[in-house]
Amino acid sequence: LPTALDLLGIPAPHQTQGMSLLGLIDGKEDLFGRKYVFSQSIDGKYMVRTREWKFIDNPVETVQDELYNLKNDPKEQANLNNSEIARRLQEWLIEWKKNLPTYGEQDTGK
């Protein structure tokens, strides 16, 4: 949504989640200049990604969460979920989710 609004020149509401990717499309920004990036998919999965790691939190309890080492396994074949890295990335994801705005919240000006 932020990218579509940016393309249209419309300011995003304060509670809009995410960021515009227009700078990436234009080649003016490097998303991976950041240490990590969070995202959410349409099917309810949440993800945190660094240059080396990708952790996917699956919302279905019967489906295992996923962790991939993107440097050694770029095709994401070996799930390394049962590791300390997975636990640390999951903690980051939990903290990020706690701070997500909820639609309908009023702008407090902060």
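Everything that follows concerns the structure shown earlier in this document.
A brief structural summary. (Residues numbered from 1 in each chain as written. Predicted model: local features only at pLDDT ≥ 70, side-chain atom pairs only at ≥ 80, totals over all residues. Heavy atoms only, no water.)

## Observations concerning the sheet that holds strand E3 (residues 53–57)
Neighbouring strands of a sheet are bound in pairs by backbone hydrogen bonds; such pairs are parallel or else antiparallel.
Consideration 1: Taken in spatial order, the four strands make up an open sheet running E1-E2-E3-E4, and their pairing is antiparallel. The outermost strands of the open sheet, each flanked by one partner alone, are strand E1 (37–40) and strand E4 (66–69). With strand direction ignored, the average angle separating the axes of adjacent strands in the sheet is 15 degrees.
Consideration 2: In terms of strand pairing, E3 meets E4 through four bridges, oriented antiparallel. Residue pairing in the sheet places Phe-55 in a bridge with Leu-67 of E4.
Consideration 3: Against the sheet, helix H3 (residues 84–98) makes contact with E1, strand E2 (46–49), E3 and E4, and its axis sits at roughly 60 degrees relative to E3, the strand it touches most. (Pairing = 2+ DSSP bridges. Helix = DSSP H or I, 4+ residues; strand = E, 2+ residues; numbered from the N terminus. Axes fitted to C-alpha atoms, helices over the stretch in contact; angles between N-to-C directions. Contact = heavy atoms within 4.5 Å.)

## Structural notes on H3
Residue pairs three or four apart in sequence face the same way in an α-helix, which turns once every 3.6 residues.
Consideration 1: Here H3 spans 21 Å end to end across 15 residues, near enough to the 21 Å set by a 1.5 Å rise per residue.
Consideration 2: Turning to H3, its buried residues number three or more, namely Ala-86, Leu-89 and Leu-93. Seen end-on, H3 carries its buried residues on one side only, within an arc spanning 70 degrees. Opposite the buried face of H3, by more than 90 degrees, sit the exposed residues Glu-84, Glu-91 and Lys-98. (Expected span 1.5 Å × (residues − 1). Buried < 20%, exposed > 50% of the residue type's maximum accessible area, 1.4 Å probe, protein only. Arc of directions from axis to C-beta.)

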